[in-house]
Amino acid sequence: SAEAGASGLVCSVPDLMLHKSEFLGHSWLNPPLFVTPGIREAGGSSHDQSSIASPQQARAAGATHIVVGRSITESKNESPSDVYKRISKEFSKGE
């Protein structure tokens, strides 16, 4: 897909670890986008996702962006805004 001119990749964290090298080194992809869905906080429910990862795992795999849904929208004990801020901080700092 990099050879076809794609500017990045949307895939699970395990798949990113397998395929990101295909996008590295292409001058039109500076830098390439690596988007990983299925992001959950450690210990979070997988719901219907077959492949989940934490924000820290996504960052370690090379993700540039993460997709987080139910962990934020279905938060019970704190505001969605607080959950978003915590996940964003964890991803940004790789903590």
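Above: the structure in question.
Structural notes, computed from the coordinates. (Residues numbered from 1 in each chain as written. Predicted model: local features only at pLDDT ≥ 70, side-chain atom pairs only at ≥ 80, totals over all residues. Heavy atoms only, no water.)

**Quick look at the overall build of the protein**
Here is step 1: The secondary structure content of the protein amounts to four helices and three strands.
Here is step 2: Traced from its N-terminal end to its C-terminal end, the protein shows the element sequence β-α-β-α-β-α-α.
Here is step 3: Out of the 95 residues in the protein, the part that is buried amounts to 31%.
Here is step 4: Nonlocal contacts in the protein, meaning residues at least 24 apart in sequence, comprise 55% of its contacts between residues at least 6 apart.
Here is step 5: With an accessible surface of roughly 5800 Å², the protein has 52% of that area assigned to carbon and sulfur atoms. (Helix = DSSP H or I, 4+ residues; strand = E, 2+ residues; numbered from the N terminus. Buried < 20%, exposed > 50% of the residue type's maximum accessible area, 1.4 Å probe, protein only. Contact = heavy atoms within 4.5 Å. Areas by Shrake-Rupley, 256 points an atom, 1.4 Å probe, with all protein chains shown as cover.)

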